[in-house]
Amino acid sequence: MVHLERFYLHHKPLCLPVVVWVIAGLLGLSGGQTESWAETGHLSPTFLTRHASAVSGGLLNPHEAFYLTQKDAKGINESGDEFGAAVAAGDFNGDGFVDLAVGSPGEGPSGDPATSGIVFVFQGSGGGPTLGKYTFLTQEDGNGKSEAGDRFGAALAVGNFDGDAYDDLVVGAPGEAPANDPQAGAIFIFPGSGDGLLNRHTHPTGTFLTQEDAKGNNEPGDQFGWALAAGDLNGDGKDDLVVGAPGEAPANDPQAGAIFIFPGSGGGLTTGTFLTQEDAKGNNEPGDQFGWALAA
């Protein structure tokens, strides 16, 4: 699994359309790390630096980079698609090469409403991302429904939640309206396998989680799935998932925010629980938006 928290991003404000840049060759290193950055459209890429273990002294060379757009996956570049709004990397098929997932939450796939969202997955190889080997995911692949404003792909996280040989992908859809609660939010889990990420065609049950799967309530504006992070929080060898809901209103404090934790297990993610600022000796106050950003 690629631990993105090892990277430091020195960034400039992003504008749209976003182009994902990838350092040539690093996705193809067996068991290696991967680096990517976003380009603002005027050929001034931001740089990622790492700890002392970084390649060539810790600074990535933009002259060794290439870029990907939706056209590289037979998509169409359109205003507002937000391709690259979220990126995550992991070995989804266990072949030893890192694969790249790219969120496009403003996309409207196959005639679906704009901003329903889509995620593109580029398979890794010895030469980097393979343009001829890609797939894309929508909410239908997780037994959901693509609707305007769902913003599927606004957040991504990779973890090995069941302890097998494959990384799994989690996709946030903070605008999803489960049970007709606008922007209550939802997340979709796509397990890895020898054939890549499983979806409704290969894994009929699918996995679609909301706050109710962590002893919470779905309420309009909670934006569950706004932020995601994965890591082994309890040291059992299986990654756990943390989900931010910055619009949550604990104790009727609007947008005070909350986070939800789903432990990993041999069968994947299990029933979760939630935390607020009061669990860290803080106070829940309107507008705090606890859970806006996460790291693990």
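Owing to the predicted nature of the structure, the values given are computational and were not obtained by experimental measurement. (Residues numbered from 1 in each chain as written. Predicted model: local features only at pLDDT ≥ 70, side-chain atom pairs only at ≥ 80, totals over all residues. Heavy atoms only, no water.)

Engineer: With reference to specific residues and values, describe the overall build of the protein chain.
Structural biologist: Helix and strand counts for the protein chain stand at zero helices and 17 strands. Across the protein chain, the fraction of contacts at a sequence separation of at least 24, relative to all contacts at a separation of at least 6, is 56%. Summed over its atoms, the accessible surface of the protein chain is roughly 13100 Å², and 52% of this surface lies on carbon and sulfur atoms. (Helix = DSSP H or I, 4+ residues; strand = E, 2+ residues; numbered from the N terminus. Contact = heavy atoms within 4.5 Å. Areas by Shrake-Rupley, 256 points an atom, 1.4 Å probe, with all protein chains shown as cover.)

Engineer: Please provide a residue-by-residue account of the confidence of the model for the protein chain, values included.
Structural biologist: Taken residue by residue, the protein chain gives an average pLDDT of 79. The fraction at 70 or more is 75%. Below a pLDDT of 50 lies the segment residues 1-18, which in the model reaches 49 contacts outside its immediate sequence neighbourhood of four places, other chains included. Residue range residues 23-60 is modelled with pLDDT below 50. Its contacts to residues more than four positions away, or to other chains, number 100 contacts. (pLDDT = per-residue confidence, 0-100.)

Engineer: Could you give an account of the pattern of salt bridges, with specific residues and numbers?
Structural biologist: This model, assessed by the stated rule, comprises one salt bridge. Notably, a salt bridge pairs Glu82 with Arg151, separated by 2.9 Å at the nearest N-O pair. Linking Glu82 in the loop between β5 (65-68) and β6 (86-90) with Arg151 in the loop between β9 (134-137) and β10 (155-159), this pair joins segments that are 69 residues apart in sequence. (Salt bridge = Lys/Arg side-chain N within 4 Å of Asp/Glu carboxyl O.)

Engineer: Could you give an account of the packing of aromatic side chains, naming the residues involved and the relevant values?
Structural biologist: For the structure on display, the rule yields eight aromatic pairs. Ring centres of Phe83 and Phe120 lie 5.5 Å apart, and the angle between their planes is 75°; on these two criteria the pair is classed as edge-to-face. Taken together, the residues Phe83 in the loop between β5 and β6 and Phe120 in strand β8 (residues 118-122) connect sequence positions 37 residues apart. The pair formed by Phe83 and Phe120 is uniform in burial state, with each residue classed as buried. Centre to centre, the rings of Phe188 and Phe208 are 4.9 Å apart; their planes meet at 75°, and the pair counts as edge-to-face. Highlighted residues: Phe188 in strand β12 (residues 186-190) and Phe208 in strand β13 (residues 208-209), separated in sequence by 20 residues. (Phe/Tyr/Trp six-rings, centres within 6.5 Å; stacked < 30°, edge-to-face > 60°. Buried < 20%, exposed > 50% of the residue type's maximum accessible area, 1.4 Å probe, protein only.)

Engineer: Quick rundown of the nonpolar core? Include the residues and the values.
Structural biologist: Grouped together as the largest cluster of nonpolar side chains are 17 residues, with contacts concentrated most on Ile187, Leu241, Val243, Phe260 and Phe262. Elements with a minimum of two residues in this core: β10, β12, β14 (227-231), β15 (240-245) and β16 (258-262). Sequence-distant contacts of Val243, that is, excluding residues within four places in its chain, are made with Ile187, Phe224, Gly225, Ala227, Leu228, Ala258, Ile259, Phe260, Phe262 and Leu294. Phe92, Ala101, Val119 and Phe188 belong to the second-largest nonpolar core, a separate cluster that totals 16 residues. (Core = buried A, V, L, I, M, F, W, Y, C linked by side-chain atoms within 4.5 Å.)

Engineer: Talk me through the sheet that holds β13; I want residue IDs and the actual numbers.
Structural biologist: The strand order β10-β11-β12-β13 describes an open sheet built from four strands, whose pairing is antiparallel. Since the sheet does not close on itself, it has two edges, and those belong to β10 and β13, each with one partner. Relative to β12, strand β11 (residues 168-173) is paired through five bridges, and the arrangement is antiparallel. Bridging across to β12, Val170 finds its partner in Ile189. (Pairing = 2+ DSSP bridges.)

Engineer: Tell me what's going on with the pairing of β12, and back it up with residues and numbers.
Structural biologist: In terms of residue burial, β12 counts as a mostly covered element, since five of its five residues are buried. Residues Ala186, Phe188 and Phe190 of β12 are buried on one face, and the alternating residues Ile187 and Ile189, pointing to the opposite face, are buried as well. Strand direction decides the pairing type here: β12 and β13, joined by two bridges, are antiparallel. Residue pairing for β13: Ile187 is matched across the bridge by Leu209.

Engineer: So, the sheet that holds β8: which residues are in play, and what are the values?
Structural biologist: Strand order in the open sheet made by the four strands is β6-β7-β8-β9, with antiparallel pairing throughout. Of all the strands in the sheet, the pair left with one neighbour each is β6 and β9. When the angles between neighbouring strand axes are averaged without regard to direction, this sheet yields 20°. Here five bridges tie strand β7 (residues 99-104) to β8, and the two strands are oriented antiparallel to one another. (Axes fitted to C-alpha atoms, helices over the stretch in contact; angles between N-to-C directions.)

Engineer: Give a detailed account of unusual backbone geometry, specifying residues and quantitative values.
Structural biologist: With the exception of glycine, the majority of residues adopt a negative phi angle, and the majority of peptide bonds are in the trans configuration. The backbone of Arg151 sits at a positive phi, close to 55°, despite the residue not being glycine. For Arg151, a relative accessible area of 27% puts it in the partly exposed group. Residues other than glycine seldom take positive phi values, yet Lys281 does so here, at roughly 60°. Within the secondary structure, Lys281 sits in the segment after β17 (273-275). For Lys281, a relative accessible area of 85% puts it in the exposed group.

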